Amino acid sequence: MIIHTNDRFARHWAACPGRGSAAPASIAPFRFTSRTGLPPPHGFRYKMNTESFPEAIVRARALALHFDDGDTQALNGVDLAIRAGEFVAVVGPSGCGKSSLLNIIGTLEAPTTGEVFFRAQPYSGIRDPSRFRRQHIGFIFQSFNLIPTLCALDNVLVATIGTPGTASEKMARARDLLAKLGLENRLAHFPNKMSGGERQRVAIARALINSPDLILADEPTGSLDSANSAAVLTLLTDIQKERGLTVIMATHDPSVSARADRIVAMRDGQIAPSPEAAP
Amino acid sequence: MNLLSLAFGNIYRRPARAGLTVSAISLGIAAVVALTGIAWGFEASWQKANDARGTDLIVTRIASENAMPSPFRAERVQEALKGYPHVQQVVGLLSEMLSVGEGSPPVFVFGWAYGSYLWDHLKLVDGRWASADTEPVVVIGSLAAELLHKSVGDRLEIEGQQFSVAGVFESPAAIENGAVVMSLTLAQQILDKPGKVNILNVKVDESATPADLAQFKSQVRATLPGFVAITSGELVGKNTVVRISKAMSHATILIAGLVGALVVFNTMLMSINERTREIGILLTVGWQRRTVMQLVFYESVILTLAGGLIGILVGIAITGILEHMEVMRGKIDAVFSPSFLVAVVGLSVLLGIAGGLFPALKAARLRPAQALWHE
Amino acid sequence: MMRRGSALLLALVLIAPAADGEELAPVAIAQAMRQVRHSDGFAARMNITLVAPTGQRALPIKISIVGQIAAARERLVIRGIAPERIRNRFIAAERSGDGPIRAVTYRESAAAAPAPADSFIPIFDSNLVVWDLFAPWWSWPEPHLGGSARVGEDDCVNVRLHTESAASPIREVVSCVDPNRHLSLRTQLFDGRHSPVRTILVEEAMRQASGRVAARKFSITGADQAVTEIEVYSGDEDYRVSSGTFAALDTPAATGNQPDHAMP
């Protein structure tokens, strides 16, 4: 069951004041190149369209993120295009800018310069980032980021507060989702009574509860042992395939990135020439 | 799972802090409830005393800051008032707060014109009324009997003169229940104020309309310089005791309000600081900033509402205890109107909103990316 | 009917008419203080509690003071109300112009004629003294200002007055007058050797129906540190003086006696 988020986004866009009812015409033609001017990285399996890029769900253009008045440069000119339904692993050493990139794509942070487009609509035109996140993006973190005082079910339901739908319908959805993730006997358990794998599955359920188009996973297996790590990854890839989800996953673990359709390597705030170059 | 249940859960998980906050607020609200109830009780009691007497208008000297209007010679004014339209009776009243007998708390001593309508509303529960204007006897209220440990036949020394207690009465007004009543002539004699009264009570006939009362008031203004005719309610409003107690209750409302808001402010700010990461999570999963603010407001209002409701109960209990204390007997007769209690609940909600405002703004302004990294 | 109410009780309760600065001259203050005492008749009742230097408090007594004050003649009658031992014991005193103060004592019940009395004796063993009630110091010559001071919460201006009369046990008075309310907040009385004899301190004042401010609570502290606390519980600014009120001052038995302390 995939919700046509395109329509939702268009509605949301139209609701923004001063834009009229029509969504803007196509964005200026976008040529996918890395900042280094080299050809697309290895593993880029779909055909490039240099005039337009209709399949791209997310495009980042010349993203820079500076802290401390420019002394620290988390991102330094990142160009990236992600096709809808793609499972992309962003790899690179700690501090290379993976998390910053995910935060910007997730609208948790605004870039210092550059622009991100979601289905050709620029982020700078998003009036209500919270609503955008709720409708289009699900987050999964290394540290799970569950609320310790809420049980598994409530940790999932907390993401539905403020969304349309009845309480019973939301409850049913959350139960289904948790059951699908093998947590039907863990609904009333609190995070501290669950294993790491279980916790991450609760987090996945929370990320999926509002049927997003895009999952941003920041080191989702970083806190798990290899068995749990593999299980969570399998779950994630299965759901991604089943729902046609787009997944962007930051990781520094090659065994994890190997599950991705494509690997984007980063180093020093930039896209590295090829993923193999990354350690 | 909704916003309200989440707010309850957040409070419930820190019971000690929530308990302290609710206690502080409930104490403040209790003080507000008790003092305001007492202040209104004073007013209502005076009002009741006047209403019960059947007095329609009171004529007195232009108000002073004394608890009772200062005494004046009644004769000329009384005669003039008797000639006013609709007037049935004009009756003098002299009162003074006096200590009667050593070690007893001061009580009101009233002198009422013998045989006037003022006596009609008292219910004799023991003994008899005075048989003549100058018979050296008094009647005492049931509460005064208790406070002064006197009963029918006992002697009572008032301003150096001996009186015997002829009867014990009950009145609808607490102030009269705690008072000693004698004839106006006797009161004037013992207070050395012959011919003087504090106020003249005017009773008009049934046909008098509010317009006639207004006309009466303006006639007094025009023809009796230095005097004023007021309804009993207006007199009560000018009473110093009523005014002071009302001022105290207002001050308490103000102080309790400030303290309450500060307590909530502190609690919620601490809570927000501790939950920075959690708020980051909520913002990340798509909560809108106003939903985060709503959550903080819900929590602060739940705290103040609980404090308010408990405070109302505690305040009523405190007043009840005070009313039954020996030294306070008969002096207070607190009144808690439903509309006042609703207003107190409203005040509690306001406290929550005022105290929660800044913490809510602070929480809503958090940047999710930073908040997620907060430990 | 339009009598002027007195500043209740005592001369201690001294109120001057509102003056805006120009009357801050000491002579004007003294003049105003004399003036405002004038009354066709006043009465006050008060509770008096004696507090020994050890802090021990006696049971309160009740007295009433009735007075009539004009420039030519001042008359006061003090009556004991309670307890029994002072009941209907009277002290009457008068003063003509700036002349001496003459006092007599008598009992209503006894047929005995009034007996002459010392105007400096304390009233019913308290620190309250008949002589003080007349505030004779306001007619002493050459008052002068002694700087401002603060009594309790209120600012006041010290007025220093003194007399050369060797007959007077009190030779110097410092009265601190509240310039706004024109109330003497503190009155210090000294003897011929500048030793303090008594201090009269107003602790609580009230505005009366006539608009004048009078003391409601005050204390008198003697040189031995014994304190007399006085609380006025009833007052009448418009007391009707009858022919009998001051009759004791006019009886032959009393007129023959000389006052103990003639004033200059």
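So, how was this worked out
- Residues numbered from 1 in each chain as written.
- Chains lettered and ligands numbered in written order.
- Predicted model: local features only at pLDDT ≥ 70, side-chain atom pairs only at ≥ 80, totals over all residues.
- Heavy atoms only, no water.
- Helix = DSSP H or I, 4+ residues; strand = E, 2+ residues; numbered from the N terminus.
- Buried < 20%, exposed > 50% of the residue type's maximum accessible area, 1.4 Å probe, protein only.
- Contact = heavy atoms within 4.5 Å.
- Areas by Shrake-Rupley, 256 points an atom, 1.4 Å probe, with all protein chains shown as cover.
- Disulfide = S-S within 2.5 Å.
- Pairing = 2+ DSSP bridges.
- Axes fitted to C-alpha atoms, helices over the stretch in contact; angles between N-to-C directions.
- Core = buried A, V, L, I, M, F, W, Y, C linked by side-chain atoms within 4.5 Å.
- Polar contact = N/O pair within 3.5 Å; in protein donor to acceptor, adjacent residues only side chain to side chain.
- Patch = residues over 30% accessible without salt bridge, like charges linked within 9 Å, V, L, I, M, F, W, Y side chains within 5 Å.
- Salt bridge = Lys/Arg side-chain N within 4 Å of Asp/Glu carboxyl O.
- Buried area = accessible area lost by both parts, 1.4 Å probe.
- Nonpolar A, V, L, I, M, F, W, Y, C, P; charged D, E, K, R; others polar.
- pLDDT = per-residue confidence, 0-100.
- Parallel < 35°, antiparallel > 145°, perpendicular 65-115°, else oblique.
- Left-handed = near helix turned anticlockwise from the far one by under 90°.
- Arc of directions from axis to C-beta.

### Focus on the overall build of chain A
When you go through chain A residue by residue, the secondary structure sums to eight helices and ten strands. Per-residue burial over chain A gives 53% buried out of 279 residues. Put simply, of all contacts in chain A between residues at least 6 apart along the chain, 74% involve residues at least 24 apart. Counting every atom, chain A has about 12,000 Å² of accessible surface; 52% of that belongs to carbon and sulfur.

### A few points about the overall build of chain C
A count of helices and strands for chain C gives three helices and 13 strands. Counting across all 264 residues of chain C, residues that qualify as buried make up 53%. A separation of at least 24 residues holds for 51% of the contacts in chain C among residues at least 6 apart in sequence. For chain C, the exposed area adds up to about 11,200 Å²; of that, 51% sits on carbon and sulfur atoms.

### Describing the state of the cysteines
All names here are of chain C. One pass over the full model with this rule turns up one disulfide over all chains. Note that Cys156 is cross-linked by a disulfide to Cys176, the S-S spacing being 2.1 Å. Disulfide Cys156-Cys176: the torsion about the S-S bond is 95 degrees, which places it as right-handed. Of the two residues, Cys156 sits in strand S8 (residues 154-162) while Cys176 sits in strand S9 (residues 172-178), which places them 20 residues apart along the sequence. For the pair Cys156 and Cys176, one class covers both residues: buried.

### Digging into the sheet that holds strand S3 (residues 87-91) of chain A
Residues and elements named next belong to chain A. With mixed pairing, six strands are arranged side by side in an open sheet as S6-S7-S8-S3-S9-S10. Because the sheet does not close on itself, it has two edges, and the strands there are strand S6 (137-141) and strand S10 (270-271). Relative to strand S8 (residues 246-251), strand S7 (residues 214-218) runs parallel, the two being bridged by five bridges. Its bridge partner lying in S8, Ala217 is registered against Met249. Its contacts with the sheet put helix H2 (residues 98-105) on S3, S6, S7, S8 and strand S9 (262-267), and the angle it makes with S7 is roughly 155 degrees.

### Description of the nonpolar core
Looking at soluble globular proteins, one finds that nonpolar side chains tend to be buried together. One finds Leu101 of chain A together with Trp287 of chain B to be the most contacted residues of the largest nonpolar core, which totals 116 residues. Setting aside residues no more than four positions away along its own chain, Trp287 of chain B makes contact with Ser130, Val158 and Ile161 of chain A together with Leu3, Leu6, Leu282, Val292 and Leu295 of chain B. Core analysis: the second largest hydrophobic core is formed by 68 residues, Trp119, Val220 and Phe227 of chain B together with Ile81 of chain C among them.

### Digging into the environment of Arg75 of chain C
Residues and elements named next belong to chain C. Secondary-structure assignment places Arg75 in strand S3 (residues 73-82). What makes Arg75 buried here is its relative accessible area of 14%. The spatial distance from the C-alpha of Arg75 to the C-alpha of Glu94 is 4.3 Å, given a sequence separation of 19 residues. Excluding residues that lie within four positions of it along the chain, Arg75 makes contacts with Val66, Gly67, Gln68, Ala93, Glu94, Phe246, Leu249 and Asp250. Here Gln68 takes part through its side chain, which lies 2.9 Å from a polar atom of the side chain of Arg75.

### A closer look at a nonpolar patch on the surface
Together, Leu254, Ile255, Leu258 and Val259 of chain B make up a nonpolar patch on the protein surface, roughly 410 Å² of accessible area in all. Along the chain, the position of Leu258 of chain B falls in helix H9 (residues 240-274).

### Observations regarding the sheet that holds strand S5 (residues 121-122) of chain A
Residues and elements named next belong to chain A. Judged by pairing direction, the sheet is antiparallel, and its four strands sit side by side in the order S2-S1-S4-S5 without closing on themselves. The open sheet has two free edges, formed respectively by strand S2 (72-83) and S5, since each of these has just one partner strand. Bridge count for strand S4 (residues 113-118) against S5 is two bridges, and the pairing is antiparallel. What sits directly across from Phe118, in S5, is Gln121. Together, strand S1 (56-67), S2 and S4 form the strand contacts of H2, whose direction differs from that of S2 by roughly 60 degrees.

### A few points about the interface of chain B and chain C
Of the residues lining the interface, 22 residues belong to chain B; the matching set on chain C comes to 20 residues. For the pair chain B and chain C, the summed buried surface comes to about 1,900 Å²; carbon and sulfur atoms form 37% of the total. Looking only at chain B, the three residues that lose the most surface to chain C are Arg73, Glu159 and Asp192 of chain B, adding up to 33% of its buried area. Where chain B meets chain C, there are five salt bridges. Across the pair Glu157 of chain B and Arg87 of chain C runs a salt bridge, and its minimum N-O distance is 2.5 Å. Run the count over chain B and chain C and you get 14 residue pairs in polar contact (both at pLDDT 80 or more). Classifying every residue of the side of chain B that touches chain C gives six nonpolar, six polar and ten charged.

### Focus: the confidence of the model for chain A
Residues and elements named next belong to chain A. Considering every residue of chain A, the mean pLDDT works out to 79; 78% of them sit at 70 or more. Counted against residues more than four places away or in other chains, residues 1-53, with its pLDDT under 50, gives 88 contacts. Low confidence marks residues 275-279, where pLDDT is under 50. Its contacts with residues over four positions away, or in another chain, come to eleven contacts.

### With respect to the pattern of salt bridges
Residues and elements named next belong to chain C. According to the stated counting rule, one finds 29 salt bridges over all chains in the structure shown. Its salt-bridge partner being Arg150, residue Asp155 comes within 2.8 Å of it at the nearest N-O pair. Its relative accessible area of 48% is what places Asp155 among the partly exposed residues. By relative accessible area, Arg150 is classed as partly exposed at 48%. The shortest N-O distance in the salt bridge between Lys217 and Glu204 comes to 3.8 Å. Taken together, the residues Lys217 in strand S12 (residues 213-222) and Glu204 in strand S11 (residues 196-207) connect sequence positions 13 residues apart. Residue Glu204 is classed as partly exposed on the basis of its relative accessible area, which comes to 32%.

### Some words on the interface of chain B and chain A
Each partner contributes residues to the interface: chain B has 22 residues there, and chain A has 24 residues. When chain B packs against chain A, close to 2,000 Å² is buried across both sides, 62% of that on carbon and sulfur atoms. Taken together, chain B and chain A are joined by zero salt bridges. If you look at where chain B meets chain A, you find ten residue pairs in polar contact (both at pLDDT 80 or more). Here the element with the most residues in the side of chain B that touches chain A is helix H10 (residues 276-284) of chain B; it accounts for six residues. Of the residues belonging to the side of chain B that touches chain A, the class tally is eleven nonpolar, six polar and five charged.

### Let's talk about the packing of helix H1 (residues 3-12) of chain B against helix H11 (residues 289-323) of chain B
Residue and element names in this part refer to chain B. Interaxial distance between H1 and H11 falls to 9 Å at its minimum, and their mutual angle equals 55 degrees. One finds that H1 runs oblique with respect to H11. Here the hand of the crossing between H1 and H11 comes out right-handed. Between H1 and H11, the residues in contact are Leu3, Leu4, Leu6, Ala7, Phe8, Asn10 and Ile11 and Thr291, Gln294, Leu295, Tyr298, Glu299, Ile302 and Leu303, respectively. A per-class count over the contact of H1 with H11 returns ten nonpolar, three polar and one charged.

### Focus on helix H1 (residues 26-36) of chain C
Residue and element names in this part refer to chain C. If you check which residues of H1 are buried, you get Pro26, Ile29, Ala30, Ala32, Met33 and Val36. The buried residues of H1 occupy an angular sector of 160 degrees when the element is viewed end-on, so they sit on one face. Along its buried surface, H1 packs onto strand S7 (144-151), S8, S9 and strand S10 (183-190).

### Quick word on the pairing of S8 of chain C
Residue and element names in this part refer to chain C. Bridging between S7 and S8 involves six bridges; their strand directions are antiparallel. Across the sheet, Leu145 pairs through a bridge with Val159, a residue of S8. Where S7 hands over to S8, the hairpin turn is made up of two residues, of which Gly152 adopts a positive phi near 60 degrees. In terms of strand pairing, S8 meets S9 through six bridges, oriented antiparallel.

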